[in-house]
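Chain by chain, the residues:
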Amino acid sequence: MGATIPESGNADDYETGGWRSERPLRDIEKCNDCMICFFACPESSIRVENDKMVDFDMKHCKGCGICKQVCPRDAIEMMNEIKACKLEEK
Ligand code: SF4
Ligand code: SF4
């Protein structure tokens, strides 16, 4: 079985958030905006404004947990996607 990739692409082109099973949540009290997660995220999903981390881009975040692994301040937790969606609905 094979596949053809007609054109090159990058993380901006592929909305990998659709099949995420976990999502990152940031504790803003612990985060010091060091941006290590920004450089480590393979999906360019760390949103930054004015040199500060503001959010995760959930259209592109695939829930890999790399941001949690590299965060030196343990400011990121991974949460089950279904649980997170239910919390958002409330
Ligand atoms: S790596 Fe951790 S402390 Fe640094 S910006 Fe990201 S969440 Fe904040
Ligand atoms: S879970 Fe993975 S894709 Fe999502 S923000 Fe963290 S490093 Fe990026």
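Residues numbered from 1 in each chain as written. Chains lettered and ligands numbered in written order. Predicted model: local features only at pLDDT ≥ 70, side-chain atom pairs only at ≥ 80, totals over all residues. Heavy atoms only, no water.

Turning our eyes to something else, we now look at the site of ligand 1. Looking at ligand 1, the residues that line it are Cys-31, Asn-32, Asp-33, Cys-34, Met-35, Cys-37, Met-53, Cys-71, Pro-72 and Ile-76. In the shell around ligand 1, the residues fall into eight nonpolar, one polar and one charged. (Near = heavy atom within 4 Å. Nonpolar A, V, L, I, M, F, W, Y, C, P; charged D, E, K, R; others polar.)

Inspection of the secondary structure puts Lys-86 in helix α3 (residues 81–89). Considered as a pair, Lys-86 and Asn-32 are 54 residues apart in the sequence and their alpha carbons are 29 Å apart. (Helix = DSSP H or I, 4+ residues; strand = E, 2+ residues; numbered from the N terminus.)

Another point: the side chain of Arg-20. In this fold, Arg-20 is placed in the segment before β1 (22–26). In this structure the side chain of Arg-20 is engaged in a polar contact, spanning 2.8 Å, whose partner is the backbone oxygen of Cys-61. (Polar contact = N/O pair within 3.5 Å; in protein donor to acceptor, adjacent residues only side chain to side chain.)

Right, let's get into the pattern of salt bridges. By the definition in use, this model includes ten salt bridges. Two residues, Glu-81 and Arg-23, come together in a salt bridge whose shortest N-O distance is 2.7 Å. Taken together, the residues span a long stretch of sequence, with Glu-81 in helix α3 and Arg-23 in strand β1 at a distance of 58 residues. Overall, Arg-23 belongs to the buried group, its relative accessible area being 8%. With a shortest N-O distance of 3.8 Å, Asp-33 and Lys-52 are connected by a salt bridge. Taken as a pair, Asp-33 in the loop between β1 and α1 (36–40) and Lys-52 in strand β3 (residues 52–56) lie far apart in primary sequence, 19 residues in all. Given the relative accessible area of 48%, Lys-52 is considered partly exposed. Several salt bridges converge on common partners, so that one network encompasses Arg-20, Arg-23, Glu-81 and Glu-88. (Salt bridge = Lys/Arg side-chain N within 4 Å of Asp/Glu carboxyl O. Buried < 20%, exposed > 50% of the residue type's maximum accessible area, 1.4 Å probe, protein only.)

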